Amino acid sequence: MDLPTEFSLSDLLELPQTAAASSLSELQKLLDEERNRCAQVIAVSPENLTEAQSDEVRVRFTGRKSPLQDWLKSLRNFPAEERKDAGAKINQLKSFLEGEVERFVLACRASAEKLRLEREKVDLTLPLPELNLGSRHPVSAAAQQLLEPLRRLGFTVIDGPELEREFYNFEALNIPAEHPAREMQDTFFVASQWVLRTHTSSVQAHAMLERGVPLRVACAGFTYRNELDLTHVPTFRQIECLVVDKGITLANMRSTLDAFFAEVFGRPVKLRLRSSYFPFTEPSAEIDVQCQQCFGSGCRSCKHTGWLEMGGCGLVNTRVLESCGIDSKVYSGFAFGMGVDRIAMSKFGIADLRSLYEGDVLLSRQLALR
Ligand code: PHE
């Protein structure tokens, strides 16, 4: 039986008004009423009662202050010949109530226990709560993705230090001290002769000096410059490629760049090499990629030029080859270096470079899905 909403256990447990009887029939009536009241109470579904409430039921019907005790006491009011009968009736009800109530209390206890177990139950088949595992930053992911096509093109992926000797960052690359070219890169000087590398081109010098020729290496990593504006942040990432071998020409460089960008964007993209100057390459060029937002017609991301500047390239300056111990009459090479962030922006369609570095988890998540 479900509890009616107006159910009140205390109502059901109220003691009968008349506790005493002086005749058998009167007693019978009282006993029947008591039996009915008990039947009503134990008809309640055990799960509707707390354990404490089931104790109240027990006390009420079988405890020391239950009407049964009063009735037993009132036996002395009975005529002697009826006393035995009356006693038997009371005892009969007593054992009935004790049995029923005991069963009821046990049922209440069992259902409370069941409820407790259910509440504590661990369901091993449930899916795990979402784990916040985190993921690579989109630009780190982009850097790794950019290295893939280069691996396929036969480049060995190498690494170099971010804390760099001035020599590898500058001198070895034909940028002597006091040379105006040093002003192209506003450098963080860490200690005498130590800098945070301003470009991954420093890895070129390491590769040539430590690996020798022929060379086909690529690297991606952090670079640092003291600048901060709409299109520059002080810590950014570059990707760098270097090939040194016999008979390397601009044609090799151009075809490598075409193949690289086609893989990066998943389709052939238009490249434009714009004549430029770098101390470590001669001739030098800027690499422009056709804007992938507007395909050349001009939009906000390409500042209405139709092109995005990705980095620099050129044939390795013979002075660099020589200062790295390579015979420039026998060997030639090309190199290119690009901002990973720039490529990521173009690939992901991001207008503001800084948004990549604001630590916006939503943005990172969104980009990670691309
Ligand atoms: N290191 C140059 C820069 O950071 C880019 C570059 C790399 C240019 C390799 C030519 C060759 O601007």
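Residues numbered from 1 in each chain as written. Predicted model: local features only at pLDDT ≥ 70, side-chain atom pairs only at ≥ 80, totals over all residues. Heavy atoms only, no water.

### Let's talk about helix 3 (residues 51-62)
The terminal C-alpha atoms of helix 3 lie 16 Å apart, and with 12 residues this matches the ideal 16 Å at 1.5 Å per residue to within 8%. What helix 3 keeps buried is the set Ser54, Val57, Arg60 and Phe61. One face of helix 3 carries all of its buried residues, which in axial projection span an arc of 120°. Every exposed residue of helix 3 that faces more than 90 degrees away from the buried side is listed here: Ala52 and Val59. Against helix 1 (9-12), helix 2 (24-42), helix 4 (67-74) and helix 5 (80-120) lie the buried residues of helix 3. (Helix = DSSP H or I, 4+ residues; strand = E, 2+ residues; numbered from the N terminus. Expected span 1.5 Å × (residues − 1). Buried < 20%, exposed > 50% of the residue type's maximum accessible area, 1.4 Å probe, protein only. Arc of directions from axis to C-beta. Contact = heavy atoms within 4.5 Å.)

### Digging into the site of the ligand
In the region of the ligand, 14 residues are neighbours, and His199, Ser201, Arg225, Gln238 and Gly337 sit closest. One of the side-chain N or O atoms of Arg225 is found 2.8 Å from an oxygen atom in the ligand. One of the side-chain nitrogen or oxygen atoms of Gln238 is found 2.9 Å away from an oxygen atom of the ligand. For the ligand, whose free accessible area comes to 330 Å², the fraction covered by protein is 92%. Elements represented by at least two residues in the shell around the ligand include exactly strand 6 (235-245), strand 9 (307-316) and strand 10 (332-339). Broken down by element, the shell around the ligand gets its largest block of residues, 3 residues, from strand 10. Taken together, the residues of the shell around the ligand break down into 5 nonpolar, 7 polar and 2 charged. (Near = heavy atom within 4 Å. Polar contact = N/O pair within 3.5 Å; in protein donor to acceptor, adjacent residues only side chain to side chain. Areas by Shrake-Rupley, 256 points an atom, 1.4 Å probe, with all protein chains shown as cover. Nonpolar A, V, L, I, M, F, W, Y, C, P; charged D, E, K, R; others polar.)

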